[in-house]
Amino acid sequence: KLELAAKKKAADEKADPTSGASKKLPPETLEKLEQNYALALSKYEAGEYYEAKEYLELIKGIDPNYKDTKTLLQLVKQGHEELLRLKREEEAEKERKLRQLKVEKLVSKAREAVKAREVQVAESLFGQVMEMDPENIDIPQMKMEIDAFKKAESDKKLAIEQKKAERKRMVDAL
């Protein structure tokens, strides 16, 4: 008979999640556990994971096996982690957009510098853009324009120097 009673008690505890330690608690404590559990559940459903976790920790401190506190605590932790992941992604997206805006402004300034044939300014801006966006497709074209301009200027100077040298040679020959 004792063995049969023990098996019945074990079966009852499995069927009733508030059994075991909870049955030994005073009714006021059980009521408080139920209130905290209801609050934790509502906070979880509202996406207020930190607050839900606080209520669940209170319950866990009194009766770690109360209802499905462990499962709800896992869900709260998962929800909190997901919320943090989403915030990180949102911040990363904001940073990416901000960086893209800066790059666009720098590319615009670089275009103006290329048009004005301001070689040093343009090259400085190219470096800044490539630092922020190494795969920028606008900079190589502008670099080619600036390089062509520099070569043309260099060729012009060389031609002038050659003319001066030729003139000097002719003057010296007289």
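Anyway, here's the lowdown on the structure attached to this text. These numbers were taken from a predicted model, which means no experiment stands behind them. (Residues numbered from 1 in each chain as written. Predicted model: local features only at pLDDT ≥ 70, side-chain atom pairs only at ≥ 80, totals over all residues. Heavy atoms only, no water.)

Glancing now at the environment of serine 124. With respect to the helices and strands, serine 124 occurs in helix α6 (residues 119-132). Each C-alpha atom, one on serine 124 and one on alanine 110, is 8.6 Å from the other, the two residues being 14 residues apart in sequence. (Helix = DSSP H or I, 4+ residues; strand = E, 2+ residues; numbered from the N terminus.)

Structural remark: α-helix, 3.6 residues per turn; residues separated by three or four positions point the same way. For helix α4 (residues 49-62), built from 14 residues, the straight-helix expectation of 20 Å at 1.5 Å per residue is met to within 8% by its first-to-last C-alpha distance of 20 Å. On its buried face, α4 is in contact with α3 (27-45) and α5 (69-115). (Expected span 1.5 Å × (residues − 1). Contact = heavy atoms within 4.5 Å.)

Before going further, it helps to spend a moment on the packing of α3 against α5. Relative orientation of the contacting elements α3 and α5 amounts to 25°, with a least axis distance of 11 Å. Put simply, α3 runs roughly parallel to α5. When you trace α3 past α5, the crossing you get is left-handed. Along its contact with α3, which presents Tyr37, Ala40, Leu41 and Tyr44, the element α5 presents Thr69, Leu72, Leu75 and Val76. Of the residues that constitute the contact of α3 with α5, the class distribution is seven nonpolar, one polar and no charged. (Axes fitted to C-alpha atoms, helices over the stretch in contact; angles between N-to-C directions. Parallel < 35°, antiparallel > 145°, perpendicular 65-115°, else oblique. Left-handed = near helix turned anticlockwise from the far one by under 90°. Nonpolar A, V, L, I, M, F, W, Y, C, P; charged D, E, K, R; others polar.)

Attention now moves to the packing of α4 against α5. Running from amino to carboxyl end, α4 crosses α5 at an angle of 155°, the nearest separation of the two axes being 9 Å. It follows from the interaxial angle that α4 and α5 lie roughly antiparallel. The element α4 and its partner α5 pack so that their crossing is left-handed. Where α4 approaches α5, its residues Tyr49, Ala52, Lys53, Leu56, Glu57, Ile59 and Lys60 are matched on the opposing element by Thr69, Leu72, Leu73, Val76, Lys77, Gly79, His80 and Leu83.

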